[in-house]
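The residues making up each chain are set out below.
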Amino acid sequence: MPAPMFKQFRSPQGWYSLLYPADWEFMVVEEIPAFFREDGSGALQFYAFESKQDRFDASEELTNYLKIHEIDYDEDKVAHFENNEGSSIRACEFQKEDRVWLVYLIANDKRMLLATYNSDEAVEDELFQNLSDIISSVRFL
């Protein structure tokens, strides 16, 4: 029987799940999961938010996040897409203090995930594909 290619993760709050590569590790610290390759230099972390009143606007939330980190929002450098569940996803990359950052914002009605990956090494194609697969697999429960 071949080894599984992916493992499933369910959030500590129980309201989202995702798939991550079977050869990656994860740990949860203060309800914030981090996924990483044992031999890698970076980690993908997920921060979960829920609104009691308003729907999340993915572009607006990404703009706010970047502003906090003193990064100008440039619409031309932001990827926009939706997954099969209708979640709005925004993705961008920037460099700050010799670290590469990939930021993903996933919004679905009153729930939102902010996923960040940062590393002091360049993101190679295989790693980029792994990160894209993880983000695309997110499902709100």
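First, a word on scope: everything that follows refers to the structure included in this document. (Residues numbered from 1 in each chain as written. Predicted model: local features only at pLDDT ≥ 70, side-chain atom pairs only at ≥ 80, totals over all residues. Heavy atoms only, no water.)

Remarks on the sheet that holds strand S1 (residues 6–10)
Read across the open sheet, the 3 strands follow the order S1-S2-S10; overall the sheet is antiparallel. Every interior strand has two partners, whereas the edge strands, S1 and strand S10 (139–140), have only one. Where strand S2 (residues 16–21) lies against S10, 2 bridges are found, and the strand directions are antiparallel. Within S10, the residue paired with Tyr-16 across the bridge is Phe-140. Contacts from helix H2 (residues 125–137) reach S1, S2 and S10 within the one sheet, and its direction differs from that of S2 by about 155 degrees. (Pairing = 2+ DSSP bridges. Helix = DSSP H or I, 4+ residues; strand = E, 2+ residues; numbered from the N terminus. Contact = heavy atoms within 4.5 Å. Axes fitted to C-alpha atoms, helices over the stretch in contact; angles between N-to-C directions.)

With respect to the sheet that holds strand S4 (residues 32–37)
With antiparallel pairing, 7 strands are arranged side by side in an open sheet as S3-S4-S5-S9-S8-S7-S6. Each having just a single partner strand, strand S3 (24–29) and strand S6 (79–82) make up the two edges of the open sheet. On average, each strand axis in the sheet is tilted by 20 degrees relative to the strand beside it, whichever way the strands run. Two strands pair when backbone bridges link them, and S4 and strand S5 (residues 43–50) are joined in this way by 2 bridges, in the antiparallel orientation. Residue Phe-35 lies in a different strand from S5, and its bridge partner there is Leu-44.

It is worth stressing that arrangement in space is one thing and function is another; only the former is reported here.
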